[in-house]
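Per-entry structural report
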Amino acid sequence: LCRNNPLTERAFDALVLDRGRWELRLVSDGPPPGLNDGRWRVDKGVNMTAYLRAAAAMRSLYKSPPCPGNTAGTAGSQPQQ
């Protein structure tokens, strides 16, 4: 959210909670200064929540490589006889 141009003034971050035909319900850490004064500009940007969740999911899929000399449980390894 900003008043005129997010490139020349400080933008205020918020997430869209719900939308109706004539309104948006936003969630943020707190209200921006001068909330009820004038008009606001809403720009679509990166959804940080979705990004953080996707990054956490990818990190959970990562497995550390096995220690040298330890082949137990690695894909494609054959038991030694």
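Given the structure is predicted, the values throughout are model-derived calculations rather than measurements.

The rules behind each value
- Residues numbered from 1 in each chain as written.
- Predicted model: local features only at pLDDT ≥ 70, side-chain atom pairs only at ≥ 80, totals over all residues.
- Heavy atoms only, no water.
- Helix = DSSP H or I, 4+ residues; strand = E, 2+ residues; numbered from the N terminus.
- Buried < 20%, exposed > 50% of the residue type's maximum accessible area, 1.4 Å probe, protein only.
- Contact = heavy atoms within 4.5 Å.
- Areas by Shrake-Rupley, 256 points an atom, 1.4 Å probe, with all protein chains shown as cover.
- Salt bridge = Lys/Arg side-chain N within 4 Å of Asp/Glu carboxyl O.
- Phe/Tyr/Trp six-rings, centres within 6.5 Å; stacked < 30°, edge-to-face > 60°.
- Lys NZ or Arg CZ within 6 Å of the ring centre and 35° of its normal.
- Pairing = 2+ DSSP bridges.
- pLDDT = per-residue confidence, 0-100.
- Patch = residues over 30% accessible without salt bridge, like charges linked within 9 Å, V, L, I, M, F, W, Y side chains within 5 Å.

**Here's the deal with the overall build of the protein chain**
Check the secondary structure of the protein chain and you find one helix and two strands. For the protein chain, the α and β elements follow one another from N to C terminus as β-β-α. For the protein chain, the proportion of its 81 residues judged to be buried stands at 5%. Here the analysis covers contacts within the protein chain between residues at least 6 apart in sequence; of these, 40% occur between residues at least 24 apart. As presented, the protein chain carries roughly 7,900 Å² of accessible surface, and 54% of it is formed by carbon and sulfur atoms.

**Here we look at the pattern of salt bridges**
In total, this model carries one salt bridge according to the counting rule given. Ionic pairing is found between R41 and D43, a salt bridge with its closest N-O pair at 2.9 Å. We classify R41 as partly exposed; its relative accessible area is 34%. You can call D43 partly exposed: its relative accessible area is 37%.

**A few points about the packing of aromatic side chains**
This model, assessed by the stated rule, comprises zero aromatic pairs. Over the ring of W40 we find R3; its NZ or CZ atom is 3.8 Å from the centre of that ring.

**Comments concerning the pairing of strand β1 (residues 15–19)**
Two strands pair when backbone bridges link them, and β1 and strand β2 (residues 24–27) are joined in this way by four bridges, in the antiparallel orientation. By the bridge assignment, D18 is partnered in β2 with R25. Here β1 folds back onto β2, and the loop between the two strands holds four residues.

**Remarks on the confidence of the model for the protein chain**
Across the protein chain, the average pLDDT comes to 79, with 83% of residues at 70 or higher. Here helix α1 (residues 48–61) is the element of the protein chain with the lowest mean pLDDT, 86, and β2 is the one with the highest, 89.

**Considerations on a nonpolar patch on the surface**
Together, V16, L24, L26 and V42 line one region of the surface with nonpolar side chains, adding up to about 330 Å² of accessible area. Assignment of secondary structure puts L24 in strand β2. Overall, the relative accessible area of 42% leaves L24 in the partly exposed class.

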